[in-house]
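Understanding the architecture of this molecule
Spelled out, the chains give:
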Amino acid sequence: MNSHAHVPDWTLLSLRPRGQHAPLRRAAEPLGALVIGLSPWALVARHDAATRAALAHALGADRVVFSSPAAVHAAARLQPLDAPHAGTWLAVGAGTAAALRGHGAADVLAPTRMDSEGLLDLPALAQLQGLHAALVTAPGGRGIIATTLQERGATLQRVDVYQRRTLRLPPRQLQRLRHQPGPWVLAVSSAEALALLNEQLPADLLARLRQAHVVAASERLLALVTDAGFARVTLAAGPMPQQLAQAAHAAITTAASS
């Protein structure tokens, strides 16, 4: 048992990319969780000259959208982000905005609702007719952003500054999970990561996981997880590690007291 005596010890499963489980671990461990990382992919930054040149052009667009903190960090390796910019720079959420500010970017807009839909609700993206918009991102994911920007009249330039490389789920972690008692909570902040998990997870663990609690980082992911057959699903306040950990803890606490 932990210091939260009224809550049983529990396990939080993280699908973050390889090497990026630490923020969720720091948020969840004080709440009594053991965090097990199941990375279905790794993020690989691009360094080629063509990507560097494309990004330099994109950063001068009227609207520049950064899709994730990883996109920001990869972009910063290619071009400085602290130079003055005439256009409006936008981040999908607070984490992405913080990453931009950490690299010296000023005047960054981010939505309160930290997902694609929240971003697209920002007034700066309402009327784009005749404007040049850029999306700094990775292949796959965030399709709704690119589609909507074009539908609203923007000429879109997409720059993939990093890519996701699929990984085999670590056998040692899978074996560790088999011996880990419940309750389990799965944190879902990426549809692609969930799909890769479903493809690779052995049948016995997948069956157990479908009985676990799931916390989804957005309403879109909540619907996806529910459609995938998970029964106990909770919507987190957002995708930040603290938000996911608090939602997971609340789900476990509620279940324990019922």
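Residues numbered from 1 in each chain as written. Predicted model: local features only at pLDDT ≥ 70, side-chain atom pairs only at ≥ 80, totals over all residues. Heavy atoms only, no water.

Re the sheet that holds strand S11 (residues 213–216)
Spatial strand order, S2-S1-S10-S11-S12: five strands in an open sheet with parallel pairing. Each end of this open sheet is capped by a strand with a single partner; those strands are strand S2 (33–37) and strand S12 (232–235). Adjacent strand axes in the sheet meet at a mean angle of 25 degrees when their direction is disregarded. Pairing analysis gives five bridges linking strand S1 (residues 10–14) to S2, with the strands arranged parallel. Within S2, the position partnered with Ser14 by the bridge is Gly37. Sheet strands touched by helix H10 (residues 219–227): strand S10 (184–188), S11 and S12. Its angle to S12, the strand with the most contacts, is close to 175 degrees. (Pairing = 2+ DSSP bridges. Helix = DSSP H or I, 4+ residues; strand = E, 2+ residues; numbered from the N terminus. Axes fitted to C-alpha atoms, helices over the stretch in contact; angles between N-to-C directions. Contact = heavy atoms within 4.5 Å.)

Points about the sheet that holds strand S6 (residues 108–109)
With respect to topology, five strands assemble into an open sheet ordered S6-S5-S4-S7-S8, the strand pairing being parallel. Two strands close off the open sheet at either side, each with one partner strand: S6 and strand S8 (155–160). In the sheet, strand S4 (residues 63–66) pairs with strand S7 (residues 132–137) via four bridges, with the strands oriented parallel. Looking at S7, one finds that Phe66 is bridged to Val136.

Thoughts on helix H2 (residues 49–58)
For H2, every residue scored as buried is listed here: Thr51, Leu55 and Ala58. Looking straight down H2, one finds its buried side chains confined to an arc of 60 degrees; they lie on one side. Exposed side chains of H2 directed beyond 90 degrees from the buried face belong to Ala49, Ala50 and His57. Those residues of H2 hidden inside the fold are in contact with S4, helix H3 (69–78), S7 and S8. (Buried < 20%, exposed > 50% of the residue type's maximum accessible area, 1.4 Å probe, protein only. Arc of directions from axis to C-beta.)

Overview of the packing of aromatic side chains
A full pass over the atoms with the stated rule returns one aromatic pair. Arranged with centres 5.4 Å apart and planes meeting at 55 degrees, the rings of Phe66 and Trp89 form a pair that is tilted. Residue Phe66 is located in strand S4, and its partner Trp89 is located in strand S5 (residues 88–91); the two are separated by 23 residues in the primary sequence. On the basis of relative accessible area, Phe66 is assigned to the buried category, the value being 0%. (Phe/Tyr/Trp six-rings, centres within 6.5 Å; stacked < 30°, edge-to-face > 60°.)

Some points on the pattern of salt bridges
A side chain with one charge may pair with a side chain of the opposite charge, provided their charged atoms come close. Applying the stated rule across the entire model yields six salt bridges. A salt bridge links Glu29 to Arg25; the shortest N-O distance between them is 3.9 Å. Judged by its relative accessible area of 42%, Glu29 falls in the partly exposed class. Between Arg158 and Asp160 there is a salt bridge; the shortest N-O distance is 3.0 Å. Arg158 sits in the partly exposed class, given a relative accessible area of 35%. For Asp160, a relative accessible area of 18% corresponds to the buried category. When salt bridges with common partners are traced through the structure, they connect Arg113, Asp115, Glu117 and Glu219 into a single cluster. (Salt bridge = Lys/Arg side-chain N within 4 Å of Asp/Glu carboxyl O.)

Concerning the nonpolar core
Of all hydrophobic cores here, the largest spans 44 residues; its most connected members are Trp10, Leu12, Leu38, Leu186, Leu197, Leu201 and Leu209. Not counting residues within four places of it along the chain, the set of residues in contact with Leu209 comprises Leu13, Trp184, Leu186, Leu197, Leu201 and Phe230. Core analysis: the second largest hydrophobic core is formed by 26 residues, Val64, Ala71, Leu81 and Leu100 among them. (Core = buried A, V, L, I, M, F, W, Y, C linked by side-chain atoms within 4.5 Å.)

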